[in-house]
Amino acid sequence: MKKICISFAFFLSFIVMQTSGIVSASDTIDIKILSPDAVENYPGLETNVEVEITNLSNTELKNAMAYITMADIGKHMTVNLEDYGADVPVLLDTLKPQQSVKVELPIRFVYTSKYKLYVTVSSDDDLQIHSSESIPVHILGNTKIDPLIVQIVSIVMPVILLLLLFFVRTRKKQ
């Protein structure tokens, strides 16, 4: 009898949590990045992030929009996507119950770094913001120039040019 009461209490608490939104609130929208799985390329790469968005709830979600969000892992900060051409969300209008929609979000990778890219969806009818799992993005440097060599050349070359100019002027005066 005691086991039945405990099982009933767990079942009842589960039902209460679902109806209050504690369990089901995060499961109203499913977001899957279909492609790419990861990005490793040089700056200037232009691509589309293909996403499937599914309304798992039993109600319509009006004025839904999807957009890219990126976090720079090295700097521990989010990225301003205006530079990446990815700052405009895609409007999904109304998502009917159990409806899936595929969208493509354009992006141009600009700066060298390591990022986490994920897609975020929000709706006027849902107070929660929903995000996909992230994909790794590694934008490689264009060259393998050693910064120390660049500093040496940028200091030594002007000095050599100044000495050469000084030498030519002194030769002309003689």
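If you're wondering where the values come from, they're calculated on a predicted model, not measured in any experiment.

## Let's talk about the pairing of strand 10 (residues 135-139)
No. 1: Every second residue of strand 10 is oriented toward a common face, the buried set being I135, V137 and I139 and the non-buried set P136 and H138.
No. 2: Pairing geometry for strand 2 (residues 39-41) and strand 10, over 3 bridges, is parallel. Bridging across to strand 10, V39 finds its partner in V137.
No. 3: By the bridge criterion, 5 bridges tie strand 8 (residues 113-123) to strand 10 in an arrangement that is antiparallel. The residue bridging K116 from the neighbouring strand is P136, located in strand 10.

## Section: the environment of S100
No. 1: Looking at the element boundaries, S100 is found in strand 7 (residues 100-108).
No. 2: Looking at S100, the relative accessible area reads 40%, which means it is partly exposed.
No. 3: C-alpha separation for the pair S100 and I31, spaced 69 residues apart in sequence, amounts to 9.6 Å.
No. 4: Once residues lying within four places of it in the same chain are set aside, the contact partners of S100 are E52, I53 and T54.
No. 5: A polar side-chain atom of S100 sits 2.7 Å from a polar atom in the side chain of T54.

## Regarding unusual backbone geometry
Most peptide bonds take the trans configuration, and most residues that are not glycine carry a negative phi.
No. 1: In this model, S35 is joined to P36 through a cis peptide bond whose omega is -5 degrees.
No. 2: Examined against the element boundaries, P36 turns out to sit in the loop between strand 1 (29-35) and strand 2.

## Section: the sheet that holds strand 1
Strand-to-strand pairing in sheets goes through backbone hydrogen bonds, with the strands running parallel or antiparallel.
No. 1: Here we have 3 strands laid out as an open sheet, ordered 1-3-7, and antiparallel in their pairing. Of all the strands in the sheet, the pair left with one neighbour each is strand 1 and strand 7. Here the strands of the sheet are splayed against their neighbours by 25 degrees on average, with no regard to which way each runs.
No. 2: Where strand 1 lies against strand 3 (residues 46-55), 6 bridges are found, and the strand directions are antiparallel. Bridging from a neighbouring strand, K32 pairs with E52 of strand 3.

## Here we look at the layout of surface pockets
No. 1: Taken as a whole, the largest pocket spans an internal volume of roughly 170 Å³.
No. 2: If you trace the largest pocket, you find it lined by D72, K75, M77, T78, V79, N80, D83, Y84, Y111, T112, S113 and Y115.
No. 3: Going through the elements one at a time, strand 5 (77-78) and strand 8 are the ones with two or more residues in the lining of the largest pocket.
No. 4: Among the residues making up the lining of the largest pocket, the classes are represented as 5 nonpolar, 4 polar and 3 charged.

How each quantity is defined
Each chain has its residues counted from 1, running along the sequence as written. Whole-chain, interface and lining totals are the exception, using all residues; otherwise, since this is a predicted model, local features are given only for residues with pLDDT of at least 70 and side-chain atom pairs are given and counted only at 80 or more. As a rule here, side-chain values come from all non-hydrogen atoms in the structure, and water together with hydrogens is ignored. Using a 1.4 Å probe on the protein chains alone, a residue whose accessible area is under 20% of its type maximum counts as buried, one over 50% counts as exposed, and one in between counts as partly exposed. Numbering of helices and strands runs from the N terminus; a helix is a DSSP stretch of H or I covering at least four residues, while a strand is a stretch of E covering at least two. Two strands make a pair as long as DSSP finds a minimum of two bridges between them. We call two residues in contact whenever any of their non-hydrogen atoms come within 4.5 Å of each other. In the analysis that follows, any N or O atom pair within 3.5 Å is treated as a polar contact, provided that within protein one partner can donate a hydrogen and the other can accept it, and provided that, for residues neighboring in sequence, both atoms belong to side chains. Angles here are taken between N-to-C directions and fall from 0 to 180 degrees, while the axes themselves are lines fitted to C-alpha atoms, restricted in helices to the stretch in contact. Here the term cavity refers to a set of points on a 1 Å grid, laid over the protein atoms alone, in which a 1.4 Å probe fits but cannot get out; the term pocket refers to an open set having protein on both sides within 12 Å along at least five of seven lines, with lining residues being those that place an atom within 4 Å of a point. Grid points are joined across faces, edges and corners, and a volume is the space filled by probe spheres set on the points. In this classification, Asp, Glu, Lys and Arg are treated as charged, Ala, Val, Leu, Ile, Met, Phe, Trp, Tyr, Cys and Pro as nonpolar, and every other residue, Gly included, as polar.

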